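# Summary of structural features
These are the residues of each chain, in order.
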Amino acid sequence: GSIDGNNCKIIGLTINDNANGASFCVRADNIVISNLGFENGQVTSTAPFYSSIGFGTLISCTVSNCYATGTINTTSSRGGGFVGNAGAGNTFSDCFSRVTITGTGTEVGGFAGIAQRSVFNRCYTASSVTGNTYGGFYGARNTNASNLPVFNDCYYNTTLQPSPTVAQTSITGV
């Protein structure tokens, strides 16, 4: 299947949900998502995992020309600006997030909460993240060498509070 936003944007999306994956779409598998924007979204959640403005979990998806802006207030772990769980087999191209994330959860990131075996091409985040453990682009990654994310021409310009360690902010391929 596919979702082509035809360069449309969803403005002012408001989510107040305490289920895992509190976002526009809780989970998508094996789908093509393109040309879709989320502007001035607001997510409030006490869910344990994967709060995001765009997608809670993506598995084996191709995502291009998509973005998210807005605010997230959460206690979730692995929350992200565009996607909470960038699971295995995804390819993201020309996507960005500009989100303010405030929370007490762990492993929170400006673009993705967790990034595992996904490829990111020309993606960026310019977000503000406040939390316990977090990172500029992603909050956590699978440490198994075969499950590492790949970054090509990506960057982040993220304000992190309090100041994290280098290990929490570093990404390769940037």
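The notes below deal with the structure included here. In this numbering scheme, every chain counts its residues from 1 along its sequence in written order. Thresholds applied to this predicted model are a pLDDT of at least 70 for local features of residues and 80 or more for the giving and counting of side-chain atom pairs; totals over whole chains, interfaces and linings are not thresholded and use all residues. Note: side-chain values were computed over all heavy atoms of the structure, leaving out hydrogens and water.

## Looking at the overall build of the protein chain
Test applied: For the purposes of this entry, the term helix denotes a DSSP run of H or I that reaches at least four residues, the term strand denotes a run of E that reaches at least two, and both are numbered from the N terminus. This radius of gyration counts C-alpha atoms alone. The globule rule is 2.2 Å times how many residues there are, raised to the power 0.38. Burial status follows relative accessibility: with a 1.4 Å probe on protein chains alone, a residue under 20% of its type maximum counts as buried, one over 50% as exposed, and anything between as partly exposed. Note on contacts: a residue pair is in contact if any heavy atoms of the two residues lie within 4.5 Å.
A tally of regular secondary structure across the protein chain gives 1 helix and 19 strands. A compact globule built from 174 residues should have a C-alpha radius of gyration of about 16 Å, and the protein chain, at 14 Å, falls within 12% of that. In terms of overall dimensions, the protein chain has a C-alpha envelope of 40 × 35 × 25 Å along the principal axes. Each of the 174 residues in the protein chain was classed as buried or not, and the buried ones make up 51%. Across the protein chain, the fraction of contacts at a sequence separation of at least 24, relative to all contacts at a separation of at least 6, is 81%.

## Side note on the state of the cysteines
Short version of the rule: Criterion for a disulfide: a pair of cysteine sulfur atoms at a distance within 2.5 Å.
Summed over all chains, the structure comprises 0 disulfides. Lacking any disulfide linkage, Cys 95 is separated from the closest cysteine sulfur, that of Cys 123, by 4.7 Å. Unpaired in terms of disulfides, Cys 154 finds its nearest cysteine sulfur in Cys 123, a separation of 4.8 Å.

## A short note on the side chain of Ser 76
Filter applied, for reference: In the analysis that follows, any N or O atom pair within 3.5 Å is treated as a polar contact, provided that within protein one partner can donate a hydrogen and the other can accept it, and provided that, for residues neighboring in sequence, both atoms belong to side chains.
Considering the arrangement of structural elements, one finds Ser 76 in the loop between β6 (62-74) and β7 (83-86). At a separation of 2.6 Å, a polar atom in the side chain of Ser 76 contacts the main-chain carbonyl oxygen of Ala 47. Ser 76 has contacts with Ser 45, Ala 47, Pro 48, Phe 49, Tyr 50, Ser 51, Gly 105, Thr 106 and Val 108, leaving out every residue within four places of it along the chain.

## Points about the pattern of salt bridges
As a reminder, the rule being used: Every case where a carboxyl oxygen of Asp or Glu lies within 4 Å of a side-chain nitrogen of Lys or Arg is listed as a salt bridge.
For the coordinates displayed, the defined rule picks out 4 salt bridges. Its salt-bridge partner being Glu 39, residue Lys 9 comes within 3.6 Å of it at the nearest N-O pair. Of this pair, Lys 9 sits in strand β1 (residues 2-11) while Glu 39 sits in strand β4 (residues 32-45), and the two are 30 residues apart along the sequence. With a closest N to O distance of 2.8 Å, Arg 122 and Asp 94 form a salt bridge. Highlighted residues: Arg 122 in the loop between β12 (119-121) and β13 (124-125) and Asp 94 in the loop between β8 (91-93) and β9 (96-103), separated in sequence by 28 residues. Overall, Arg 122 belongs to the partly exposed group, its relative accessible area being 45%. Taking relative accessible area as the criterion, Asp 94 reaches 37% and is therefore assigned partly exposed.

## Things to note about the pairing of strand β11 (residues 112-115)
For a regular strand, side chains alternate in direction, first toward one face of the sheet and then toward the other. Going by this rule: In this description, strands pair whenever DSSP reports at least two bridges between them.
As defined by bridge partners, β7 adjoins β11 across 3 bridges and the pair is classed as parallel. Across the sheet, residue Ala 86 finds its bridge partner in β11, namely Ala 115.

## A few points about the nonpolar core
Applied cut-off: What is meant by a nonpolar core is a set of buried Ala, Val, Leu, Ile, Met, Phe, Trp, Tyr and Cys residues, joined one to another through side-chain atoms within 4.5 Å.
Leu 58, Val 63, Phe 82, Val 83, Phe 92, Phe 111 and Phe 120 are the most contacted members of the largest nonpolar core, which totals 38 residues. Only β3 (25-29), β4, β5 (55-59), β6, β7, β9 and β11 provide two or more residues apiece to this core. Residues within four places of Val 63 in sequence aside, it is in contact with Ile 33, Leu 58, Phe 82, Thr 91, Phe 92, Ser 93 and Cys 95.

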